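Coordinate analysis (summary)
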Amino acid sequence: MTAKTIQPLARQEIKGSELFSSAKPKILLTSVFGPYGKDDEYGSRAMNPMELYHNQVTRTQGPFSLRMFHRSWGLMLIQANIEAPCLVLDFPTLDRFIEEIKSHRFDVIGITSIIPNIFKVKKMCELIRQYQPHAQIVIGGHIANVPDLNERIDADHIVRGEGVRWFREFLGEDENRPVRHPLIESGFGTRNAGITVEDRPGDVAATVIPSVGCPLGCNFCSTSAMFGGKGKCVNFYQTGDELFDVMCQLERRMKVRSFFMMDENFLFHKKRALRLLELMEEHEKSWSLYVFSSANVLKTYSIEQLVRLGISWVWMGIEGRESQYQKLKGIDTFELISELQSHGIRVLGSTIIGLENHTPENIDEAIEHAARHDTDFHQFMLYTPIPGTPLHAELSAQGLMKDESEYHLSDIHGQLIFNYRHPAINDEQSAEFMRRAFDRDFARNGPSTIRIVRTTLAGWKRYKNHPNACIRDRYAWEAREIGSTFAALVGGAKLYYRNNPAMRRKISALLKEIHAEFGWKSRVFSAIGGWYVLRKIRAEEKRLAAGWTYEPKTWYERNAAVSDRPDAPLCRYATPRAAVQSVPLPIPTLVNLEEPVMV
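First, a word on scope: everything that follows refers to the structure included in this document. Because the structure is a prediction, the values reported are computed rather than measured.

Each helix and strand in the protein chain was counted, giving 20 helices and 21 strands. Taking 2.2 N^0.38 as the reference for a compact globule, 599 residues should give roughly 25 Å; the C-alpha atoms of the protein chain span a radius of gyration of 24 Å, in line with that estimate. Taken along its principal axes, the extent of the C-alpha atoms in the protein chain is 70 × 55 × 50 Å. Relative to its full complement of 599 residues, the protein chain shows a buried share of 60%. Accessible surface, the protein chain as shown: approximately 24200 Å² in total, 52% of it carbon and sulfur. Distance between charge centres in the protein chain, computed from 75 positive and 72 negative side chains, equals 7 Å.

With that out of the way, let us pick up the environment of Lys329. Tracing the chain through its elements places Lys329 in the loop between strand E16 (311-319) and helix H12 (333-342). On a C-alpha basis, the gap between Lys329 and Pro210 in space is 27 Å, while along the polypeptide they are 119 residues apart.

Next up on the list: the pattern of salt bridges. Per the counting criterion, the structure on display carries 43 salt bridges. For the salt bridge of Glu281 with Arg308, the shortest nitrogen-to-oxygen distance reads 2.7 Å. A residue pair is termed long-range when its members are at least 10 positions apart, and Glu281 in helix H9 (residues 270-282) and Arg308 in helix H11 (residues 303-308) qualify at 27 residues. Since its relative accessible area comes to 27%, Arg308 is described here as partly exposed. Via salt bridges that share partners, Glu83, Glu173, Arg177 and Arg180 belong to a single interconnected network.

Our next topic: the environment of Asp39. Among the structural elements, Asp39 can be located in the loop between strand E2 (27-31) and helix H1 (52-56). Asp39 gets classed as exposed once you look at its relative accessible area, which sits at 58%. Sequence-wise, Asp39 and Pro49 are 10 residues apart; in three dimensions their C-alpha atoms are separated by 9.9 Å. Not counting chain neighbours up to four residues away, the residues in contact with Asp39 comprise Ser44, Arg45 and Ala46.

Turning our attention to helix H8 (residues 240-254). Helix length check: H8, at 15 residues, gives a terminal C-alpha distance of 20 Å against a target of 21 Å (1.5 Å per residue), a fit within 8%. Taken as a whole, H8 has its buried residues at Gly240, Glu242, Leu243, Phe244, Asp245, Val246, Met247, Cys248, Gln249, Leu250 and Met254. Directly after H8, the chain includes Lys255, whose backbone phi takes a positive value near 60°.

For helix H16 (residues 448-463), with 16 residues, the first-to-last C-alpha span of 23 Å sits near the 22 Å given by 1.5 Å per residue. Counting buried residues along H16, 12 of its 16 residues qualify, which places the element largely inside the surrounding structure. Turning to H16, its buried residues are Ser448, Thr449, Ile450, Arg451, Ile452, Val453, Thr455, Thr456, Leu457, Gly459, Trp460 and Tyr463.

On to the nonpolar core. Core analysis: the largest hydrophobic core is formed by 84 residues, its most contacted members being Phe167, Phe259, Leu267, Leu276 and Leu289. Ranked by residues supplied to this core, first place goes to H8 with seven residues. Once residues within four sequence positions are removed from consideration, Phe259 is found in contact with Ala205, Ala206, Val208, Met247, Leu250, Glu251, Trp287, Ser288, Leu289 and Tyr290. In this structure, Ile118, Ala155, Ile412 and Tyr556 belong to the second largest nonpolar core, which totals 44 residues.

Turning to the sheet that holds strand E3 (residues 67-69), a few remarks are in order. The sheet built from three strands is open, its strands ordered E3-E9-E10 with antiparallel pairing. Sheet topology places E3 and strand E10 (195-196) at the edges, where each strand pairs with a single neighbour. Two strands pair when backbone bridges link them, and E3 and strand E9 (residues 188-192) are joined in this way by two bridges, in the antiparallel orientation. Paired with Phe69 across the bridge in E9 is Phe188.

Before going further, it helps to spend a moment on a nonpolar patch on the surface. Together, Trp520, Val524 and Ile528 make up an exposed nonpolar region whose accessible area comes to about 380 Å². You can see Val524 is positioned in helix H19 (residues 501-545). Relative accessible area serves as the criterion here: at 40%, Val524 is assigned to the partly exposed category.

The strand order E11-E14-E15-E16-E17-E18 describes an open sheet built from six strands, whose pairing is parallel. In this open sheet, the two edge strands, each paired with only one partner strand, are strand E11 (206-208) and strand E18 (377-382). Across the sheet, the mean angle from the axis of one strand to that of its neighbour is 20°, orientation sign disregarded. Here strand E15 (residues 288-292) pairs with E16 via four bridges, running parallel.

Cut-offs used in this document
- Each chain has its residues counted from 1, following the order in which its sequence is written.
- It should be noted that, the model being predicted, local features are given only for residues of pLDDT at least 70 and side-chain atom pairs only at 80 or more, the latter also being counted only at that level, while totals for whole chains, interfaces and linings use all residues.
- Think of the side-chain values as coming from all heavy atoms in the structure, minus any hydrogens and water.
- Only DSSP runs of H or I with at least four residues qualify as helices, and only runs of E with at least two residues qualify as strands; both kinds are numbered from the N terminus onward.
- C-alpha atoms define the radius of gyration in this analysis, and the globule rule sets the expected value at 2.2 Å times the number of residues to the power 0.38.
- Residue burial is assigned from relative accessible area. The probe radius is 1.4 Å, only protein chains are included, and a residue is buried under 20% of its type maximum, exposed over 50%, and partly exposed in between.
- All accessibility values rest on the Shrake-Rupley procedure with a 1.4 Å probe; residue burial counts only the protein chains present in the view.
- In this tally, Asp and Glu contribute negative charge and Lys and Arg positive charge; neither His nor the terminal groups of the chain are included.
- Each charge is placed at NZ for Lys, CZ for Arg, CG for Asp and CD for Glu.
- One side-chain nitrogen of Lys or Arg within 4 Å of one carboxyl oxygen of Asp or Glu is enough to make a salt bridge.
- Here, residues are in contact when the closest pair of their heavy atoms is within 4.5 Å.
- One less than the residue count of a helix, multiplied by 1.5 Å, gives the span that helix is expected to have.
- Side-chain atoms within 4.5 Å are what join buried Ala, Val, Leu, Ile, Met, Phe, Trp, Tyr and Cys residues into a set we call a nonpolar core.
- A strand pair is defined by DSSP finding two or more bridges across the two strands.
- Grouping into patches uses exposed residues only, defined as over 30% relative accessible area, and leaves out salt-bridged ones; the cut-off is 9 Å for like charges and 5 Å for nonpolar side chains (Val, Leu, Ile, Met, Phe, Trp, Tyr).
- Only the contacting stretch of a helix is used when fitting its axis, a line to C-alpha atoms as for every element, and angles between N-to-C directions run 0 to 180 degrees.

That's the geometry; what it means functionally is another story.
As structure tokens, this is what we get:
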């Protein structure tokens, strides 16, 4: 059977509903099977675990590495927005996936994946054909960028782009009704310093997905390519009113006051962001927002606006020294990051290793340039031309892309080797340079979680007496555990670094600041709790040295239309009431921003 590559915003000649005998076909949506952090025959790699931070940010920080998992948010969004009975199987084992498709009949089975997991997708398609030959197989996610995917796997539909509208149209449902927002905790299974954090209501931020795609469209960005390319994005919530309404519902139902805004450049939509700020102040919301933003967009806001909007964490591309990217043109990233941190805004900087101008002779200078930013977290990724991106097209035209016989596709995950011929760096060097970058940042700046405490404390000291009650309250909430839990963490780190004079001095100075603000309480926690944390750190070191890996639990959820699986928890979502009351618009709306303008 040959797969049909379908653009999600194009009208199909034959609706999927015409293929099914029942009015409401049964849907299974699943991620690829585990394990995810071990080498196996299906392409899993020990150095490509299902952990964003440990994979790409804190990779060599050992027991101090931030460990956590994130749900497959796209599957949750689709499930909440279709009327057909739909089950989500997230992070299954291979046996659990086989059990599901052997035991229950489905009309449609959708799989989401990234490109390195292509061999798992291939295996899952083969199993579906074996056990459910009648089922329509739908493949989505970043893997859909592979141009000849229909020749590599046996699927019926390959969906490149936004899936909610595609599924609604495929199932014969109203594709223009407002997008319900699933109730998503931004992460689960958080672990650091050998301690797994017990998630209490309100401790974990709620994920909010205002838009998908990126209006800036860097040439290497697979996300931008997947949703239409440079200048295009799909907005689920057009206005600040719609967004505020959804966030209020999440606040009430999830008991949260912090939000991870899963939008590639949230602050780019300035009119929406400033309207959200107006509503937050009108209704006295002391919310914390964690956002992605480019440097040029951040500079269009005053620091006062960012603080009032509750921006407390920013993921920002630094890319590399003398970067070609316009989003960094004329901006002193050192000055910008220092200013943000001085106001308690934590920064995750992102740097590319293996740019065109990188050589074995200048790579240490490039790495030191990144490390000197002293961001709270720092991501390092190889310069990788992903299929579908302008960079891939450019290097293909130059004849620089390697043949797939020269590498294993599962190794092209941005942390090991290039899939093209770099003019100066070979595969062995690329792997070594990546590790060197992580090691240098860690050795120079220390554990990221300790840096987070430092920046949060700076914000608390600056704003604890601010005349605006909402700002004062937000900073107090963010600093609520510095004198206890985090004092113990810093105390444990100080003990751990007893034989490293430079790092011990840095951590001791931070602990002195904490004691000056929180007094005897922090002294007790750092003294007694510090020894407890040190024991946990040492135990974690031994566990990691023995080859221990961290795997996510399997999730199994149903929507309200599923009546025969009461054992599966019911997915929950918020309905955007403001969108219903506003002027009707096709939702989501494809926005073309070929010439981006700050509104």
